[in-house]
Each structure stands twice: as C-alpha cells, then as structure tokens.
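# Notes for the structure review
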Amino acid sequence: MSSPSVPSLRLPLRPAYPPLSRRALAGVSPNAAAPRALLLKPLASKAPAPYHQHALLLHQRRRHGPPPAAATITSKPVLKDPKKYQEWDSVTAKFAGAANIPFLLLQLPQIVLNARNLLAGNKTALFAVPWLGMLTGLLGNLSLLSYFAKKRETEAVIVQTLGVISTYAVLVQLAMAESMPVPQFVATSVVVAAGLILNFLNYVGWLPGTLWLLWEDFITVGGLAVLPQVMWSTFVPFIPNSVLPGIICGSLAVAAVGMARMGKLSDAGVKFVGSLSGWTATLLFMWMPVAQMWTNYLNPSNIKGLSAFSMLLAMLGNGLMLPRAVFIRDLMWFTGSAWACVLQGWGNLTCMYW
C-alpha cells in the first residue's frame, strides 16, 4: 500500500523573519534578548556571498564572456572580418616588401657618380653630399632597424638594413674624398658594425635580454646626443661652433635612462623613455633632407654632384611603405615615411629644378 505523497517544501538558505511594526519596535525593552536577535538578523544579508555563488558567476563569465564594460578597456579594435584583415595584412606586407627594390637601388646612382668623380680626381664634387646629413640618415636607419627588429617587421628590417649598408658605402667614399673627418668615420664604422651584429642576433633570438637593453639604452642616449648636435652643426656658418647641445641633451638622456632603470620613474615615464629611441631615429631620418636642402641653398653650384634618380627612388620606397604604416597604426613609421616623400623627394627635386 503506497503512502500518500507529501508535498515537498523548498526551504530558504537563510531564515526570513517577518518585519516588525513600529509599535513592536517601540515596545521592545533593552534587556530583551529575543527581539535583539531578530533585529540583528537582517545585517547578515551584507555578508560575503557563499562559494557556490562565486563559482556560478565565474561559470557565467566563462560561458558568456566578459561584461560589456570590459570591452571598452581593450586598446585594439575588435575585428569583424578576420579574412579581410588577413588580406589587407598580406597586401600591405607585399607593398613594404616591394619597397626593398627602390631602397636597394637608392644609393647606387650616388655611389656610381661618386666613384666616377673619385676616379677623375674631382674630389670637390663629393663635397656636395653633406656627411652630416648622411650620418643622420645612417643613425636613423640603424635605430629604426632596432625598432622594427623588436616588432618583428621583416620587410621593414630588410629595408633598414639595406639603408644602413648603402649609406655607409657613401660615407666611405666621402672619407676617401676627405669630405668626412677620419675620427668621425672610425666611430661611425664601429657603431655600424656593432649595430648590425646585435640586431641580427636579437632578430634570430640569440641575444641575451640584458645585452639588448644595454643596446637600446645606448641608441637612446646616442640619438638624443647626436640629434641636437647635428641640427646645430648644420647651421654652423651662421651660429658659433659648439658641442654644448650634444653634451646637454646627452647628459639629460643618461639621467632619464638611469632613473628609468632604477625604477625612479612612473609607468608613463618609463614608457616615454622607451619610446625615445624610435622617435629620435625618426627625427634623425627626417633631418637628412633638411640638411641636404640647406647645403643646396648655400652652394647651388654643387647640386651637379647630386643624383636626382636617388631622390626619386627614396620617395618611391617611402611611398610604398606608407600603407603598411597606416595598417598597423604606427604613427612614428607613418610620420617618417610621409616626411621623406614630401621633403626628401619633392623638396630636394624642387631645389634641383630651381
């Protein structure tokens, strides 16, 4: 004989007490224990949630993703069409790779022209190429090589390596023509050799992290010391010759790097110091056409020693790299390439035309 079914009751986790009326609250004596317990019970609702409630919330977050507010914190935009993103990534990478062709031939006409003048004994024609401008471009390419090697941008790494090698070849010719002083040429040779070796070892993953940090600190201090000194030396005929700009800015750079390594700066300050090497390299690269245009203005007769085809190739190569800079949203890369297209290309060509 089956027993009658008893309706099941679902008890609450915490007992609920009926609310007390004002009259009941007013009639409670301070020595009464039971009402005092009833009054203290609602405070238990502020206690931490049980463990199973935390587990339920964690399960919901894993299943449904983070709340909408967390999506606004991310810095990178959410891609709606990954296939289209991959297509643009491939296209812009091909454009940046195609820039290797004009950059490979960039200094070749200038190198051939310098070789002809050296063989003819016309060393004066090589004075039309300012070694300070070439040095700034070389140091800029070397620093940008470190920047792109750290970001693993293969096409840009190849472009900057070709720029370092070809520009150094021109500096060798200028040193042979006694246009570039020997001490500066020797120091430049040491820095170029060390930079190429260290960047190659870092790109293939064979360089210790500590040594790479030392190299980054070196190019940061060196760039901040060389940039103002080169800018000052460009206008030396009209301003007194001095090494104070390089000493002052170099000392400030050493202090900033030292404070960043010792943890004396905030996170924003450390990030700012870390970005100085890249922006210094870009400014060095951007100063190259300015120095060339100033030299053309002072000595218009030496413009015959310049190669218009080299300037056209530089403008074409930087133009091919602009889409990649825009695609990866690299403001520094975009600024340097756009400046080179406008000033190093059209600016110098316009000076030659005039």
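Positions within a chain are numbered from 1, following the residues in the order the chain's sequence is written. A pLDDT threshold of at least 70 governs which residues receive local features in this predicted model, and a stricter bar of 80 or more applies before side-chain atom pairs are shown or counted, although totals over entire chains, interfaces and linings include all residues. Side-chain numbers here rest on the full set of heavy atoms in the structure, without hydrogens or water.

Per an unreviewed UniProt entry, the recorded name for the protein is Maltose excess protein 1-like, chloroplastic, and the organism is Miscanthus lutarioriparius.

## Some words on the overall build of the protein
Helix numbers and strand numbers start at the N terminus; a helix is a DSSP run of H or I with at least 4 residues, a strand a run of E with at least 2. Helix and strand counts for the protein stand at 15 helices and zero strands. For the protein, with 354 residues in total, the buried portion stands at 37%. Any pair of residues with heavy atoms lying within 4.5 Å of one another is described as a contacting pair. Here the analysis covers contacts within the protein between residues at least 6 apart in sequence; of these, 76% occur between residues at least 24 apart. Only carbon and sulfur atoms are counted for the fraction: they give 69% of the accessible area of the protein, which is about 22100 Å². Relative accessibility decides the category of a residue: with a 1.4 Å probe and only protein chains considered, values under 20% of the type maximum give buried, values over 50% give exposed, and everything between is partly exposed. The Shrake-Rupley method, run with a 1.4 Å probe sphere, supplies the accessible areas, and residue values consider only the shown protein chains as cover.

## As for the confidence of the model for the protein
Per-chain confidence: the protein averages 78 in pLDDT, with 77% of residues scoring 70 or above. pLDDT is a residue-level measure of predictor confidence that goes from 0 to 100. Per-residue pLDDT stays below 50 along residues 22-78; that stretch engages in 14 contacts with residues further than four places along the chain or on separate chains.

## Structural notes on the UniProt feature "transmembrane region" (unreviewed entry) in the protein
Annotation from UniProt places "transmembrane region" (unreviewed entry) at residues 125-149, 156-176, 182-201, 213-232, 238-260, 272-294 and 306-327. Strand forms 0% of residues 306-327 and helix 91%; the C-alpha atoms that close the span are 34 Å apart. UniProt positions are given in the numbering used here, feature names are shortened, and annotations may be inferred rather than shown by experiment.

## Some remarks on unusual backbone geometry
Here R152, not a glycine, exhibits a phi torsion of approximately 60°, which is positive. As for its position among the elements, R152 is in the loop between α8 (131-151) and α9 (154-176). Here the phi dihedral of R329 falls at roughly 60°; this positive angle occurs in a residue that is not glycine. Structurally, R329 can be placed in the loop between α14 (308-327) and α15 (331-353). Judged by its relative accessible area of 64%, R329 is exposed.

## Considerations on α9
One fewer than the residue count of a helix, multiplied by 1.5 Å, yields its expected span. End to end, α9 covers 33 Å across 23 residues, agreeing with the expected 33 Å (1.5 Å per residue, within 8%). E178 lies just past α9 and shows a positive phi near 65°.

## Re the nonpolar core
Counting 49 residues, the largest nonpolar core has W131, M134, L171, L174 and M321 as the members making the most contacts within it. If you list the elements that add at least two residues to this core, you get α8, α9, α10 (182-203), α11 (209-234), α13 (267-298), α14 and α15. In terms of residue count, α8 provides more of this core than any other element does, eleven residues in total. Sequence-distant contacts of L171, that is, excluding residues within four places in its chain, are made with W131, M134, L135, L138, M180, F185 and T188. Here, nonpolar core refers to any group of buried Ala, Val, Leu, Ile, Met, Phe, Trp, Tyr and Cys residues whose side-chain atoms link them within 4.5 Å. Grouped together as the second largest cluster of nonpolar side chains are five residues, V221, A253, V257 and V273 included.

## Examining the packing of aromatic side chains
Aromatic contacts are taken between Phe, Tyr and Trp rings whose centres are within 6.5 Å, Trp giving its six-membered ring; a plane angle under 30 degrees counts as stacked, one over 60 as edge-to-face, and the others as tilted. A complete count under the given rule lists nine aromatic pairs for this structure. Taken together, a centroid distance of 5.2 Å and an interplanar angle of 35° make the contact between Y85 and F327 tilted. In this pair, Y85 is assigned in helix α5 (residues 82-98) and F327 in helix α14, connecting sequence segments 242 residues apart. Residue F327 is classed as partly exposed on the basis of its relative accessible area of 21%. When the centroid spacing of 5.9 Å and the interplanar angle of 10° are considered together, the rings of Y168 and F185 count as stacked. Of this pair, Y168 sits in helix α9 while F185 sits in helix α10, and the two are 17 residues apart along the sequence. Under the relative-accessibility criterion, Y168 is labelled partly exposed at 24%. Under the relative-accessibility criterion, F185 is labelled buried at 17%.

## Here's the deal with the packing of α13 against α15
For any two helices packed against each other, the geometry is given by the interaxial angle and the distance between the axes. Contact geometry of α13 with α15 gives a least axis separation of 10 Å together with a crossing angle of 5°. For the element pair α13 / α15, the angle class is roughly parallel. Seen from α13, the contacting residues are G278, W279, T282, F285, M286, M288, P289, V290, Q292, M293 and N296; seen from α15, they are L331, M332, T335, G336, W339, A340, L343, Q344, G347, N348 and C351. Only the stretch in contact is used when a helix axis is fitted, and all axes are lines through C-alpha atoms; the angle between N-to-C directions ranges over 0 to 180 degrees. Any angle that falls under 35 degrees is termed roughly parallel, while one over 145 is termed roughly antiparallel, one within 65 to 115 roughly perpendicular, and all others oblique.

## Brief notes about the layout of surface pockets
Taken as a whole, the largest pocket spans an internal volume of roughly 870 Å³. Think of a 1 Å grid over the protein atoms and nothing else: a 1.4 Å probe that fits but is trapped marks a cavity, an open set flanked by protein within 12 Å on at least five of seven lines marks a pocket, and residues with an atom within 4 Å of a point count as lining. Contributing to the lining of the largest pocket are 36 residues, with W131, L132, L135, V230 and S233 lying nearest its centre. Within the residue set of the lining of the largest pocket, elements represented by two or more residues are α8, α10, α11 and α13. If one sorts the elements of the lining of the largest pocket by residue count, α11 sits on top with ten residues. Grid points are joined across faces, edges and corners, and a volume is the space filled by probe spheres set on the points.

## Structural notes on the pattern of salt bridges
Basic side-chain nitrogens of Lys or Arg form a salt bridge, by our definition, when they fall within 4 Å of a carboxyl oxygen of Asp or Glu. For the structure on display, the rule yields five salt bridges. K150 is paired through a salt bridge with E216; the nearest N and O atoms lie 3.2 Å apart. Taken as a pair, K150 in helix α8 and E216 in helix α11 lie far apart in primary sequence, 66 residues in all. Given a relative accessible area of 52%, K150 falls into the exposed group.

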